[in-house]
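# Breakdown of the fold
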Amino acid sequence: MLSEPRSGRLAAWGNALLAGLVSPDDAALAIVGEDAVHRVEGLPGESGQVGLTLALGRLRTLGTTGLRVALPAPGHPLGLSGPPDFNARALEAEEAVVCFGAALGLVPAVHEAGPEGDVHVEVVWSVLPVREAPPADVPSLGEAERELAEALRDATEVLSKLDVAGSGPVAEAAIDAYRARSERGREVLAPGYPPRAVRVLELAQRVGLLVSLAYDRGHGGAVSAGEMAARGAALRPVERTARRAQVAAYNSVVEERERGVR
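First, a word on what this report is: a plain description of the structure on this page. Keep in mind that what you see is a predicted model, and the values were worked out from it rather than measured.

## Quick notes on empty space enclosed by the protein
If you walk through the whole model with that rule in mind, you get one cavity of 30 Å³ or more. Along its surface, the largest cavity is lined by Leu17, Leu18, Leu56, Leu59, Thr64 and Leu67. Listing elements by their share of the lining of the largest cavity, those giving two or more residues are helix H1 (6-18) and helix H3 (52-61). Class assignment for the residues of the lining of the largest cavity results in five nonpolar, one polar and no charged.

## Remarks on H3
Listed as buried for H3 are Leu52, Ala55, Leu56 and Leu59. With its buried residues spanning 95° around the axis, H3 presents them on a single face. On the buried face of H3, the contacting elements are H1, helix H2 (24-32), strand E1 (37-41), strand E2 (50-51), strand E4 (96-100) and strand E5 (104-113).

## Digging into H2
Listed in full, the buried residues belonging to H2 are Ala27, Ala28, Ile31 and Val32. Each buried residue of H2 sits inside an arc of 130° when the element is viewed along its axis, so together they form one side. Among the exposed residues of H2, those oriented more than 90 degrees off its buried face are Asp25 and Leu29. Just downstream of H2 lies Gly33, where phi reads positive at about 60°.

## Examining the pairing of E5
Bridging between E4 and E5 involves two bridges; their strand directions are antiparallel. When the bridges of E5 are listed, Val98 appears paired with Gly105. Remark: three residues form the turn of the hairpin made by E4 and E5, two consecutive strands paired antiparallel; Gly101 in that turn has positive phi of roughly 105°. Sheet topology places E5 next to strand E6 (residues 120-129); 10 bridges connect them, and they run antiparallel. Paired with Leu106 across the strands is Val127, a residue of E6. Taking the residues that link successive antiparallel strands as the turn, the E5-E6 hairpin has six residues, and the phi of Gly114 there is positive, at about 110°.

## A look at the pattern of salt bridges
Should their charged atoms come close, side chains of opposite charge can pair. With the rule as written, the count across this model stands at 10 salt bridges. Taking the shortest distance from any N to any O, the salt bridge between Asp35 and Arg6 comes out at 2.8 Å. Within this pair, whereas Asp35 is found in the loop between H2 and E1, its partner Arg6 is found in helix H1, the two being separated by 29 residues in sequence. Asp35 sits in the buried class, given a relative accessible area of 12%. Note that Glu46 is salt-bridged to Arg58, the shortest N-O span being 3.0 Å. Taken together, the positions of Glu46 in the loop between E1 and E2 and Arg58 in helix H3 put the pair 12 residues apart, joining distant regions of the chain. Accessibility expressed as a relative area gives 25% for Arg58, which makes it partly exposed. The structure contains a network of salt bridges with shared partners spanning Arg6, Arg9 and Asp35.

## Observations regarding unusual backbone geometry
Residue Pro83 is bonded to the preceding Gly82 through a cis peptide linkage, with omega at 5°. Relative to the helices and strands, Pro83 is located in the loop between strand E3 (66-70) and helix H4 (84-93). Phi is positive for Glu94, close to 65°, though the residue is something other than glycine. Tracing the backbone through its elements, the reader meets Glu94 in the loop between H4 and E4. Notably, Asp137 is not glycine yet its phi reads approximately 65°, a positive angle.

Criteria and thresholds
- All residue numbers here refer to positions counted from 1 along the written sequence of the relevant chain.
- Residues qualify for local features only when their pLDDT is at least 70, as the model is predicted, and side-chain atom pairs are given and counted only at 80 or more; totals for whole chains, interfaces and linings, by contrast, use all residues.
- Remark: hydrogens and water are excluded; side-chain values derive from all non-hydrogen atoms of the structure.
- Definitions used throughout: a 1 Å grid over protein atoms alone; a cavity as a set of points that fits a 1.4 Å probe which cannot get out; a pocket as an open set with protein on both sides within 12 Å along at least five of seven lines; a lining residue as one with an atom within 4 Å of a point.
- Grid points are joined across faces, edges and corners, and a volume is the space filled by probe spheres set on the points.
- In this description a helix means any DSSP run of H or I spanning at least four residues, a strand means any run of E spanning at least two, and both kinds are numbered starting from the N terminus.
- Residues were grouped as follows: Ala, Val, Leu, Ile, Met, Phe, Trp, Tyr, Cys and Pro as nonpolar; Asp, Glu, Lys and Arg as charged; and all remaining residues, including Gly, as polar.
- Only protein chains enter the accessibility calculation, which uses a 1.4 Å probe. A residue is then buried if its area is under 20% of the maximum for its type, exposed if over 50%, and partly exposed in between.
- To obtain the arc, one takes the directions from the helix axis to the C-beta atoms.
- Here, two residues are considered to be in contact whenever any of their heavy atoms come within 4.5 Å of each other.
- When DSSP locates at least two bridges between a pair of strands, those strands are taken to pair.
- By definition here, a salt bridge exists when the distance from a side-chain nitrogen of Lys or Arg to a carboxyl oxygen of Asp or Glu is within 4 Å.

See below:
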């Protein structure tokens, strides 16, 4: 969770396009980001791969009025609604986009080539049928915000007691540096999202980074098997909360539209 998921970019900027807030070219450029190219395959009415601009237009004509994000993990089908084939593909990729208004979903496959420092990244989104049903385990923005505040407090306390690297000033410096890098040249969310969604997503990314730092920066004082297990037990629910909040933020415009707010 150190970076914005590709499904988040596709959903956020796709939603802005569907709402008429950005042009097709601007949406496609934002979705691609630092990747080299994105293509879409399996789109109804197309025999081969197509570009993002054409694909987003075709999804609209097929009835899509919004795009939702799914960020599933083993044992946690977050944002998914079936069928099993789509869920399995999304779980393997650890992310997916589900169309609202059309029984379709998109799962990315990422291909990298080139030497370190000059990696060429291509993404192919596969369009698959999905079940039209409420997505699994997605909280409201208000619920996500409350859960994140509690998770950040609890995780920091537990990790500090375990003397885990990533819970003190070094982690704060790394988080601040990451935030500065991530804020250069990009919006947190696309136009049309409410300020609360931006706030929730920023906090979810902060919590996710804290979890990643705790995993990546060694064992600290947690040298025994019991202490390492305690660290994992402390981190898993926090990571789950951060993923749920990310999905809530990305999906907020669709949820509001569905309730008739927009």
